Amino acid sequence: MDDLKYQIDYLTAINEKLVDSDTMYRFIAESGGQLYLYQDIHKGGDVMMIGPWDRYTGENISKDPFNEEKMKGFIYPADLDEFTDNIWNMSDKKRSVETMRIRSKNKKYYFDVMGLIKFDTGSNPIRRVIIFSDVTEYESRLEKLERLAYYDPVTDLCNGHFFSERLKELIRQADKNNEAAELLLIDMDDLKGSVSELFLIHENELIKDLAMILKKYENKYTFLGHIKKGLFGFAILDPNRDNCGVSIYEMIRAELEKPIALSSGSNYKLNIFGGIASYPEYAHSADELLFITELSLMNARKSGEYSLNIYSSEIVEGYEDERKIDKIIRDALENDRFELYYQPQYYSKDGRIRGAEALLRLFDDNKRVILEPDDIIKKCEDSGLIKEVGDQIIDKAIKTYAEWRDRYGYDRMLTINISAMQIGSDDLINTLSRYVYDYDLDPSMIELECREEAFINNINLSVSRLFTIKKMGFKVCLDNYGIGYSPLAYLKDIPVNSLKFDRFFIKQAKSDEATFTIASAIRDIALAFNIELIAEGIENSALLDIAGKLRCNAIQGYLLSKPIKPKEFEKLFMRESLNEESDGRGE
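Let me begin by describing the structure that accompanies this report. (Residues numbered from 1 in each chain as written. Predicted model: local features only at pLDDT ≥ 70, side-chain atom pairs only at ≥ 80, totals over all residues. Heavy atoms only, no water.)

Moving on: the overall build of the protein. Counting its regular elements, the protein contains 20 helices and 20 strands. Counting every position in the protein, which comprises 587 residues, the buried fraction comes to 43%. Within the protein, contacts between residues separated by at least 24 positions form 61% of all contacts whose residues are at least 6 apart in sequence. Of the roughly 31,500 Å² that the protein leaves accessible, carbon and sulfur atoms contribute 49%. (Helix = DSSP H or I, 4+ residues; strand = E, 2+ residues; numbered from the N terminus. Buried < 20%, exposed > 50% of the residue type's maximum accessible area, 1.4 Å probe, protein only. Contact = heavy atoms within 4.5 Å. Areas by Shrake-Rupley, 256 points an atom, 1.4 Å probe, with all protein chains shown as cover.)

What follows is the structure in structure tokens.
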């Protein structure tokens, strides 16, 4: 009797332990976000559903007898056939392990599914378990990463990389159907150079606003992308070859005639440039189409007008010419082929040398001009090398000045040209400070000359930089005055020591009374603010006479001297110095 009681108690304890274990495993399954289907096939057992099935299916199916259709009903239809074949019926293939990823019916959840089957020695299935592991959070993160990889976060449009891939697909479609394609690039103004303060504050807002306008023109034949900051692209399938891109651009331009209302309450007149090219008329691939369209866009920018430039074969010829010039400039930089010539400036009152202006020259091995002097700086700006070239000009000029000072006692002005891009660079002030220290310079003997165009895009930044330069002791000269950019009122705000009349302005003042009146007004304002007047381009006595009537303090031009080599200017200065000493003026 005692043995029987012992056996009953023992079996009861084992059963309770099994029940506790089952409760524990079910609790783990419920908490872990995993779903299990278990079946003892060998004993013909029912399928057991373990885990939070109700939460994921949205139905009360876990406590009811197993229903295969209900279970499969929670799987997304597009994934169901593969699940049935690879997981549910895997025993037919005699496979012990299979895996796949599925989505729930409402695509709300993602699961990694693993099927496991145990076979006996006769290859008959005896047990199986299917485990559904919730990977929704992982999949969500993956989707976010993919979105970041393919879409621009500001505009939610496909980014440059994805746009390029989609353009390739569109080209393949055009080839398949023997159709044409177009690429339209639209570029926002104010992003490539000096920018206005209002634009800087609202840059992303303006990009979003433009994107919203452009999205209106997407349809089944077009797709839009934000290729890079402020640059948008329309890839257009053009089955009828009717230049859809031109029409799209014109409609967008018409919308932008009205200023954009900003969140700050201000209005902003946004301008754009456009470039367009067609396939297969001018391009043989998506990459080539993108390249030639960018050339068209560059041409639109160079025109100085907010317009659309349509690609033509002449654009490539111009591009090849620019590449040759770019190569010449880079070669001159790397091999120190740039030379500085010096054009003397003379005081009008007594004819003494005021100083010299350093002018850039580039010759070939036979001393023939490679680039015309007026073109060098512009080409350097176009090629993006103006900073490097500008730094080399400053370096050569100041070294020459220091040598003249130390060797010959040179005590006159040296004028060095700086570009608008240099003024906008943070490095200019540091560069000038370094030269003052390295060469023990008297900054008041160095005159930095800039064109009045430097003030067009960002007068606040330019004026601020020039004030800093002037405080350092350098002289500042405003070149090419009178060509129409700066109003007369600017003279009281711009920190300049001298003002140089443009040569064409002087020529026009000689024959046009209205121009002479304007020049006289400039002179009166300059004199009122103690600004020195310099007349350049004095090529004959008639122009010299005009400079005299305008009471210019100094003059330069071919009538007096063309730009000359450093050694020739040294001789000119030494000759004058000796004459002054003999006259007693050098004491």
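This part covers the pairing of strand β6 (residues 180-188). Burial of β6 is extensive: nine of the nine residues sit out of reach of the surface. Strand direction decides the pairing type here: β6 and strand β8 (residues 231-238), joined by eight bridges, are antiparallel. The residue bridging Leu183 from the neighbouring strand is Ala235, located in β8. Pairing analysis gives eight bridges linking β6 to strand β11 (residues 272-279), with the strands arranged antiparallel. (Pairing = 2+ DSSP bridges.)

Here the focus is the sheet that holds strand β1 (residues 34-39). The strand order across the open sheet built from five strands is β2-β1-β5-β4-β3, with neighbouring strands paired in antiparallel fashion. Every other strand in the sheet has two partners, leaving β2 (48-50) and β3 (97-103) as the edge strands with one partner each. When strand polarity is set aside, the average angle formed by the axes of neighbouring strands in this sheet is 15°. Against the sheet, helix α4 (residues 77-88) makes contact with β1, β3, β4 (110-119) and β5 (125-134), and its axis sits at roughly 165° relative to β3, the strand it touches most. (Axes fitted to C-alpha atoms, helices over the stretch in contact; angles between N-to-C directions.)

Let's shift gears to the environment of Lys378. Within the element layout of this structure, Lys378 appears in helix α12 (residues 373-382). Among the residues examined, Lys378 registers a relative accessible area of 49% and is labelled partly exposed. Considered as a pair, Lys378 and Ser419 are 41 residues apart in the sequence and their alpha carbons are 9.4 Å apart.

It is the contact of helix α6 (residues 160-176) with helix α10 (residues 286-302), at a shortest axis distance of 9 Å, that shows an interaxial angle of 115°. Put simply, α6 runs roughly perpendicular to α10. For the crossing formed where α6 meets α10, the hand is right-handed. Along its contact with α6, which presents Ser164, Leu167, Lys168 and Ile171, the element α10 presents Ala286, Asp287 and Leu289. Here the contact of α6 with α10 is built from residues that sort into four nonpolar, one polar and two charged. (Parallel < 35°, antiparallel > 145°, perpendicular 65-115°, else oblique. Left-handed = near helix turned anticlockwise from the far one by under 90°. Nonpolar A, V, L, I, M, F, W, Y, C, P; charged D, E, K, R; others polar.)

Ranked by internal contacts, the top residues of the largest apolar core, which has 68 residues, are Phe338, Tyr342, Val389, Ile416, Ile469, Phe501 and Phe569. It is helix α13 (residues 386-408) that provides the largest number of residues to this core, a total of eight residues. Setting aside anything within four residues of it in sequence, one finds Ile416 in contact with Ile393, Ile394, Ala397, Ile398, Ile446, Glu447, Leu448 and Glu449. In this structure, Leu184, Met188, Leu214 and Leu224 belong to the second largest nonpolar core, which totals 25 residues. (Core = buried A, V, L, I, M, F, W, Y, C linked by side-chain atoms within 4.5 Å.)

For the rest of this paragraph, the subject is the sheet that holds β11. Taken in spatial order, the five strands line up as β7-β8-β6-β11-β12 in an open sheet, and their pairing is mixed. Unpaired on one side and paired on the other, β7 (222-228) and β12 (308-310) mark the two borders of the sheet. Averaged over all adjacent pairs, the angle separating strand axes in this sheet is 20°, with direction ignored. Pairing analysis gives three bridges linking β11 to β12, with the strands arranged parallel. The residue of β12 that forms the bridge with Gly274 is Leu308. In the packing of α10 onto the sheet, contacts are made with β6, β8, β11 and β12, and the angle to β11 comes to roughly 145°.

Residues Leu544, Leu559 and Leu560 make up a contiguous nonpolar surface patch of about 200 Å² in total accessible area. For Leu544, the location among the structural elements is in helix α19 (residues 541-549). (Patch = residues over 30% accessible without salt bridge, like charges linked within 9 Å, V, L, I, M, F, W, Y side chains within 5 Å. Salt bridge = Lys/Arg side-chain N within 4 Å of Asp/Glu carboxyl O.)

Before going further, it helps to spend a moment on the pattern of salt bridges. Across all of its chains, the model carries 27 salt bridges by this definition. Put simply, Glu165 and Lys168 hold a salt bridge, and the shortest N to O gap is 3.6 Å. Of this pair, Glu165 and Lys168 both sit in helix α6, three residues apart, which is roughly one turn of that helix. Relative accessible area serves as the criterion here: at 27%, Lys168 is assigned to the partly exposed category. For the salt bridge of Asp391 with Lys387, the shortest nitrogen-to-oxygen distance reads 3.0 Å. In this pair, Asp391 and Lys387 both sit in helix α13, four residues apart, roughly one turn of the helix. Classification of Lys387 as partly exposed rests on a relative accessible area of 32%. Each of Arg354, Glu447 and Glu532 takes part in a single network of salt bridges with overlapping partners.

Here the focus is the packing of α13 against helix α15 (residues 427-439). Two measures define how a pair of helices packs: the angle their axes make with one another and the distance between the axes. Direction vectors running N to C along α13 and α15 enclose 20°, while the axes themselves pass 11 Å from each other. Classified by the interaxial angle, the pair formed by α13 and α15 is roughly parallel. For the pair α13 and α15, the crossing hand works out as right-handed. Residues Lys387, Asp391, Ile394, Asp395, Ile398, Lys399, Ala402 and Arg405 of α13 form the contact with α15, whose own contacting residues are Asp427, Leu428, Tyr435 and Tyr439. Taken together, the residues of the contact of α13 with α15 sort by class into six nonpolar, no polar and six charged.

Bear in mind that shape data such as this cannot, by itself, settle questions of function.
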